[in-house]
Amino acid sequence: MSPPPPPPRRSPAALMDEIVEEIFLRFPPDDPKRLLRCALVCKRWSRIASDPVFRRRFRELHRTAPMLGVFDNFDIYSFFTPICSFRPPCRNGTVIDARHGRILLHLRSTDWSKPHLDNAFVVWDPMTNGRRKLPLLPRSVRPRDWNAAVLCATAPSGACNHLDCCGGPFLVVLMATDRGRMFSYLYSSETGVWSEQASAPLPNYSIDLLPSALVGNALYFLSRYWKAILKYDLGTAKLSVIDMPPSYRFGALLTTEHGELGFATVVNSKLYLWSREAGSEEDVGWMESRVIELKTLFPAAAFTFFHGAVPSGSLYVVGFAEGADVIFVRRDYDLFTLDLNSLRATKVSNMIEYTLCPIFPYVNFYSPPVSITDVMDAVMCAHIGNGLDMSWTRSGCLKCLINTICSIID
């Protein structure tokens, strides 16, 4: 007599949604591919990972958004260098600013005879690929030098923690100098129009297209050639000028750990950090807050490089990641990050051109795609950036799509 058949195997009990969510919450925010992998397991997990309530809890638990990569410009285009597995969709335009999860793009033209501001600005959310094209400034506003910044609309009041405000209202501030004066324009996404804010005499000063700094209730812009900082007060719309630190060299504005205006520069092999009390009077000077010897942190090759038989290779500060306390240092074609807390230096990439172009860090929490269309968009962008085969987009082959997704998240 044959033995009775074995009892049917039972599938393991599915984890309750609450337990799955608690597990997802503990994934490190600087490793986005873990959430993406889980979101691709099944519809239920995808629903949990993309749920707005989960995203809010994830941000509130980790508090500090990770740096996902950096943007830099070449000619009229911008490029993204990833620091983790995140890859944004492809977009045209030059990056002017990055803050609160938004990117401010300028759609420049190859017609150099055309004034720059005849081209539009675009505020872009790389996480959702949402974009908003701004109206052109009035025809009378065609300054010689200008810069712009994007920020959350509630930043002046301090009512937002900026953990999840990318889809909310925003402001764009344009600072410009021309014919011995400086002036500012403000765009609000709630009104949809530009408005002139302030104007003040400013003989012989210019403004550079370098990263700005938001400190307290004010925006700061570099006037590198004239060794000055232009200040725009968001509350009063007042414009003023601040002198640079005494040992000025090419450097970057930053926000210190105490919420003060700061400046970072490299002199010889030392990184000098300066701070200025937030909200101080104009006659209050700078204080040297920290000096870091870089020879013990960077590889020896970072200080010696040869173009033919001529030694080169000076280090320059080219950017700062707000909220991440990371400074970007460049040596010729090499870009490094320096964590100010751990003092760990890491080489990020080789730059495209040998110029001191600014770096715009992208700091935000990753949100998994909520639909197969979003997944396909992310896959297409990653593959275009990596030069991989895109034949599945033409044939619609599901198997090729699955293989493509697996190659990205492995």
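Residues numbered from 1 in each chain as written. Predicted model: local features only at pLDDT ≥ 70, side-chain atom pairs only at ≥ 80, totals over all residues. Heavy atoms only, no water.

Colleague: Honestly, the pattern of salt bridges in this entry has me stumped. Any pointers?
Modeller: Here the idea is simple: oppositely charged side chains can pair when their charged atoms come close. Overall, the coordinates contain 11 salt bridges when judged by the stated rule. The salt bridge partner of Arg57 is Glu21, with a shortest N-O separation of 2.7 Å. Of this pair, Arg57 sits in helix α4 (residues 52–62) while Glu21 sits in helix α1 (residues 17–25), and the two are 36 residues apart along the sequence. Between Asp97 and Arg99 there is a salt bridge, and its shortest N-O distance comes to 2.7 Å. Exposure class is identical for Asp97 and Arg99. Each is buried. Through salt bridges with shared partners, a single ionic network connects Glu21, Glu22, Arg26 and Arg57. (Salt bridge = Lys/Arg side-chain N within 4 Å of Asp/Glu carboxyl O. Helix = DSSP H or I, 4+ residues; strand = E, 2+ residues; numbered from the N terminus. Buried < 20%, exposed > 50% of the residue type's maximum accessible area, 1.4 Å probe, protein only.)

Colleague: What exactly am I supposed to notice about α4 here?
Modeller: Counting along an α-helix, one turn takes 3.6 residues, and residues three or four places apart therefore face a common direction. When we look at burial in α4, the residues that qualify are Phe54, Phe58 and Arg59. Viewed along the axis of α4, the buried residues span an arc of 130°, placing them on a single side of the element. As for α4, its buried residues are in contact with α1, α2 (33–39) and α3 (43–50). With a side-chain oxygen positioned 2.9 Å from the backbone nitrogen of Val53, the residue opening α4 is Asp51. Backbone geometry just downstream of α4 places Arg63 in the positive-phi region, at approximately 65°. (Arc of directions from axis to C-beta. Contact = heavy atoms within 4.5 Å. Polar contact = N/O pair within 3.5 Å; in protein donor to acceptor, adjacent residues only side chain to side chain.)

Colleague: Is there a simple way to think about a nonpolar patch on the surface in this case?
Modeller: Together, Leu15, Met16, Ile19 and Ile23 give the surface a local cluster of nonpolar side chains, amounting to about 350 Å² of exposed area. Tracing the chain through its elements places Ile23 in helix α1. Owing to a relative accessible area of 41%, Ile23 belongs among the partly exposed residues under this scheme. (Patch = residues over 30% accessible without salt bridge, like charges linked within 9 Å, V, L, I, M, F, W, Y side chains within 5 Å. Areas by Shrake-Rupley, 256 points an atom, 1.4 Å probe, with all protein chains shown as cover.)

Functional significance is not addressed by these values, which are geometric in nature.
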